[in-house]
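Structural overview for review
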Amino acid sequence: MYRIRFHGRGGQGMKTASRILGTAFFLECFEVQDAPRYGAERRGAPIFSYVRASRSPINERGVITNPDLIVVADDSLIPIPAAGVLQGITDNTTLLINGHDDANTWKHRLNINCKVLILPVTEEVEDRAELPFVGSACVGAAARLIGVITEENLVEAVNDEISSLGADLIKQNIDQATQAFELMAKHEGLVKESTSKTPLDYEQPEWINIPFENASISAPTIHAAATSVEVRTGLWRTLRPVINYDRCKNCWWVCSTICPDSAISVNEKSEPVIDYDHCKGCMICVARCAPHAIETIPEQLAQEKEKQTA
Ligand code: SF4
Ligand code: SF4
């Protein structure tokens, strides 16, 4: 069975993308399921949709947890944990990203070993929810990577699913889909069907027993107010966020507001400054910084560098 998940933002056509791909599979005589899953239903919010396709009846239901192909229409979603783009990714998954950065940059950034392919972004838009025809381009690329869908059936599926949009829009969507289909020609058939899982495949986690601690340690009493500053949460850090001021856009309300420990303040030049005594290394600021101006450095390495420069 093929298991494919599309990730995008509300308004970028991911639901339609999954319908088009499902119809194209159907035209190739596959059994098909396709469905969208919305979070907060509003324009620009992360959504995903998924497609299952098999030559035999599909008994599996629900969200796809271990996809063979993940298609990302908007690369700004990848670092957002709530978007779940990387959920269930394995070394056998293919990750197709519509974005500017190259595949090696993403592999390094995400520390993953699976196949990563880039569908180049062709146009810049102000509102990311209006990336034009991105859904059709994603479907065209996905169809070629799967390798069992002909260009004729891809075009017929686009026609079927968006027939109400009028001739001009249908043509533009078909052009985008077929261009992306051609672009992925050298990777045709890269995505392989994975086998079905049964409940018998469930692996129990290994349990670690932690003994009870003395109540005075495990539930200490707080004897005074406003003492949290005394708690050096910076000691918890294994990774250190470091601001690259050359890339920083000084949109300080983003990172300084989002830090759960209020460890990012703003100086008189409107630059964000991290208080490393209280930054616990949760990396939420790294995920939320849109221009990727906050880098992640192993804490040990950062401390060694500090010693050398001291
Ligand atoms: S969110 Fe990123 S770009 Fe914006 S102020 Fe913070 S570090 Fe700079
Ligand atoms: S890593 Fe977490 S605690 Fe540290 S500055 Fe960023 S958001 Fe705050």
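Just above, that's the structure.
Residues numbered from 1 in each chain as written. Chains lettered and ligands numbered in written order. Predicted model: local features only at pLDDT ≥ 70, side-chain atom pairs only at ≥ 80, totals over all residues.

**Some words on the packing of helix H3 (residues 134-146) against helix H5 (residues 167-183)**
Look at H3 against H5: their axes get within 7 Å of each other, and the N-to-C directions meet at 35°. Viewed along their axes, H3 and H5 form a crossing whose handedness is right-handed. In this structure, H3 contributes Ser 136, Ala 137, Val 139, Gly 140, Ala 141, Ala 143 and Arg 144 to the contact, and H5 contributes Asn 173, Gln 176, Ala 177, Thr 178, Gln 179, Ala 180, Phe 181 and Leu 183. A per-class count over the contact of H3 with H5 returns eight nonpolar, six polar and one charged. (Axes fitted to C-alpha atoms, helices over the stretch in contact; angles between N-to-C directions. Helix = DSSP H or I, 4+ residues; strand = E, 2+ residues; numbered from the N terminus. Left-handed = near helix turned anticlockwise from the far one by under 90°. Contact = placed C-beta atoms within 7 Å. Nonpolar A, V, L, I, M, F, W, Y, C, P; charged D, E, K, R; others polar.)

**Topic: H3**
Its 13 residues place the ends of H3 18 Å apart at the C-alpha level, agreeing with the 18 Å of an ideal helix rising 1.5 Å per residue. Burial analysis of H3 places 13 of its 13 residues in the buried class, the great majority of the element. Looking one or two places after H3, you find Gly 147, whose phi comes out positive at around 80°. (Expected span 1.5 Å × (residues − 1). Buried ≥ 20, exposed ≤ 12 C-beta atoms within 10 Å, placed from the backbone.)

**A short note on the sheet that holds strand E3 (residues 46-54)**
Strand order in the open sheet formed by six strands is E2-E3-E1-E4-E5-E6, with mixed pairing between adjacent strands. With one partner strand each, in any of the chains shown, strand E2 (31-38) and strand E6 (115-120) form the two edges of the open sheet. Geometrically, the sheet is characterised by an average inter-axis angle of 15° between neighbouring strands, direction not taken into account. Here four bridges tie strand E4 (residues 69-72) to strand E5 (residues 94-99), and the two strands are oriented parallel to one another. The partner of Ile 70 across the bridge, within E5, is Leu 95. Sheet strands touched by H3: strand E1 (2-9), E4, E5 and E6. Its angle to E5, the strand with the most contacts, is close to 150°. (Pairing = 2+ DSSP bridges.)

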